[in-house]
Amino acid sequence: MSDEVATEDDRQLLARAQDGDMSAFEALVEAHQDKVYGLALRMTRSEADAAEITQDTFLSAYQHLKDFRGDAAFGSWVHRIAANHALMRLRHRRVAQAAEAELQGPEFTPRGTLADYPVTDWSRDAEEKALDAELGQAIRQAADRLPEGYREVFLLKDVDGLSYEQIAEVTGDSIPAIKSRLHRARLALREAIDTFYNRDNRGP
Amino acid sequence: MYTCKDSINLLLEYLEGEMSPDEAKHLQEHLSGCSPCEEFLATYRATPGLCKRALAARMPKEVSSKLTEFLRAKIKSAS
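So, here is what we can say about the structure in this document.

About the cut-offs
- One numbering rule holds for all chains: residues counted from 1, following each sequence as written.
- Chains and ligands are labelled by the order in which they are written, letters from A for the one and numbers from 1 for the other.
- A pLDDT threshold of at least 70 governs which residues receive local features in this predicted model, and a stricter bar of 80 or more applies before side-chain atom pairs are shown or counted, although totals over entire chains, interfaces and linings include all residues.
- Side-chain calculation: all heavy atoms of the structure are included, whereas hydrogens and water are not.
- In this scheme Phe, Tyr and Trp rings, the latter by its six-membered ring, pair at centre separations within 6.5 Å, and the angle between planes marks the pair as stacked below 30 degrees, edge-to-face above 60, and tilted otherwise.
- Secondary structure elements are defined from DSSP: runs of H or I of at least 4 residues count as helices, runs of E of at least 2 residues count as strands, and each element is numbered from the N terminus.
- Throughout, exposure labels follow a simple rule: accessible area from a 1.4 Å probe, protein chains only, divided by the maximum for the residue type, with under 20% read as buried, over 50% as exposed, and the rest as partly exposed.
- Two conditions define a charge located above a ring, namely a distance within 6 Å from the ring centre to NZ of Lys or CZ of Arg, and an angle within 35 degrees of the ring normal.
- Given the number of residues in a helix, its expected span is that number minus one, multiplied by 1.5 Å.
- Directions from the helix axis toward the C-beta atoms define the arc.
- The contact criterion used is simple: two residues touch if any of their non-hydrogen atoms lie within 4.5 Å.
- Polar contact is defined as a pair of N or O atoms within 3.5 Å, subject to the rule that within protein one atom must be able to donate a hydrogen and the other to accept it, and that residues adjacent in sequence are counted only when both atoms are side-chain atoms.
- Within this scheme, the nonpolar core is defined by two criteria: the residues are buried Ala, Val, Leu, Ile, Met, Phe, Trp, Tyr or Cys, and they are joined through side-chain atoms within 4.5 Å.
- Salt bridges are counted wherever a side-chain nitrogen of Lys or Arg sits within 4 Å of a carboxyl oxygen of Asp or Glu.

Comments concerning the packing of aromatic side chains
All names here are of chain A.
Part 1: In the structure shown here, the tally under the stated rule is six aromatic pairs over all chains.
Part 2: When the ring of F25 is compared with that of Y62, the centres are 5.0 Å apart and the planes differ by 65°; the resulting orientation is edge-to-face. Of this pair, F25 sits in helix α2 (residues 22-44) while Y62 sits in helix α3 (residues 47-63), placing them 37 residues apart in sequence.
Part 3: Relative to Y197, the ring of W122 has its centre 5.6 Å away and its plane inclined at 5°; by these criteria the two rings are stacked. A residue pair is termed long-range when its members are at least 10 positions apart, and W122 in the loop between α4 (74-92) and α5 (125-128) and Y197 in helix α9 (residues 175-197) qualify at 75 residues.
Part 4: Take W122: its relative accessible area is 0%, and that puts it in the buried class.
Part 5: Through pairs of rings, three or more aromatic residues link up here, namely F68, F74 and W77.
Part 6: Lying over the aromatic face of Y164, K157 brings its terminal NZ or CZ to 4.9 Å of the ring centre.

This is the structure we're talking about:
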């Protein structure tokens, strides 16, 4: 992911910010605020919470600026801080959870063969086309239906690009558990996209 | 010989190159003889990218201005 690599601009800005140059810190904030806000908004699904988490994240970053070593990317570091803040907030407001059993996935015959496979191979469309508005909506709804622990892992890994190690650090879960949830979440989302593409080809 | 179910269970490890050579060989054998699974793999691989695009968000301008104000006030009062 792009955030794994520290850009030269970030490195220079960081060095200046660490020396107390406020305008350099503000430039770093401006460069990363959309991603931090996006992460917080997706995780909490609340614009007000996302705005506050973004504020708290950059304030924490500023307060710990001197401790931050430039060997990691600034973007990756603030992403981890934001994930921490977002998860803390989510832990405080436990909402009704979708049960794991509701996670959709492919269906198999008793012999372990795919019962229903892609009638339309939409994988190539995924790279080229502007995203269809209805497909976007279907994906957002499917992501919303994921049980919380699965949704969090999927968002942090596949959308926000955190590493497994970072996710393990902020969630307290083991890497194998995270991978297993990520896989189940991807299967459920793949199913939702497949249903969208094949909505005219299959019976109800 | 792996079934479709075995293969699909292993797709994440496969794509991340974390399987033993033996497992990878069994999986490749299944995939090369099973076009539904081949297509399944292609769509599984395309899923994160599509989701990322669908879930992209930008910070509204007024939130961005508030953020700047907030940080300036906090940092000024601390120094």
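Anyway, onward from the coordinates.
Focus on helix α6 (residues 133-145) of chain A
An α-helical turn contains 3.6 residues, so a residue and the one three or four places further along point in the same direction.
Part 1: Taking 1.5 Å per residue, 13 residues should reach 18 Å; α6 of chain A reaches 19 Å between its end C-alpha atoms and fits that length.
Part 2: Listing the buried residues of α6 of chain A in full gives L135, G136, I139, A142 and A143 of chain A. Buried residues of α6 of chain A fall within an arc of 130° about the axis and therefore sit on the same side. Opposite the buried face of α6 of chain A, by more than 90 degrees, sit the exposed residues A133, E134 and R145 of chain A.
Part 3: Its buried side turned inward, α6 of chain A meets α7 (148-159) and α9 of chain A together with α4 (35-54) of chain B.
Part 4: With a side-chain oxygen lying 2.8 Å from the backbone nitrogen of E134 of chain A, the N-terminal cap of α6 of chain A falls on D132 of chain A.

What about the nonpolar core?
Part 1: Judged by nonpolar contacts, the single largest core of 84 residues is most densely connected at F154 and L156 of chain A together with L71 of chain B.
Part 2: The contact partners of L71 of chain B, leaving out residues within four places of it in the chain, are M22, F25, V29, Q55, F58 and L59 of chain A.

Remarks on the pattern of salt bridges
Residue and element names in this part refer to chain A.
Part 1: Here the structure, examined in full by the defined rule, presents 18 salt bridges over all chains.
Part 2: The salt bridge involving E148 is made with R151; its shortest N-O contact spans 3.1 Å. In this pair, E148 and R151 both sit in helix α7, three residues apart, roughly one turn of the helix. There is no split in this pair, since E148 and R151 are both buried.
Part 3: When salt bridges with common partners are traced through the structure, they connect R45, D144, E148 and R151 into a single cluster.

So, helix α3 (residues 21-33) of chain B
All names here are of chain B.
Part 1: Between its terminal C-alpha atoms α3 stretches 19 Å, which fits the 18 Å expected from 13 residues at 1.5 Å a residue.
Part 2: Within the span of α3, buried status applies to A24, L27, H30 and L31. The arc that holds the buried residues of α3, viewed along the axis, is 125°, so those residues lie on one side. Seen from the buried face of α3, the exposed residues on the opposite side, beyond 90 degrees, are P21, D22, K25, S32 and G33.
Part 3: In this structure, the buried residues of α3 make contact with α1 (4-9), α2 (11-15) and α4.

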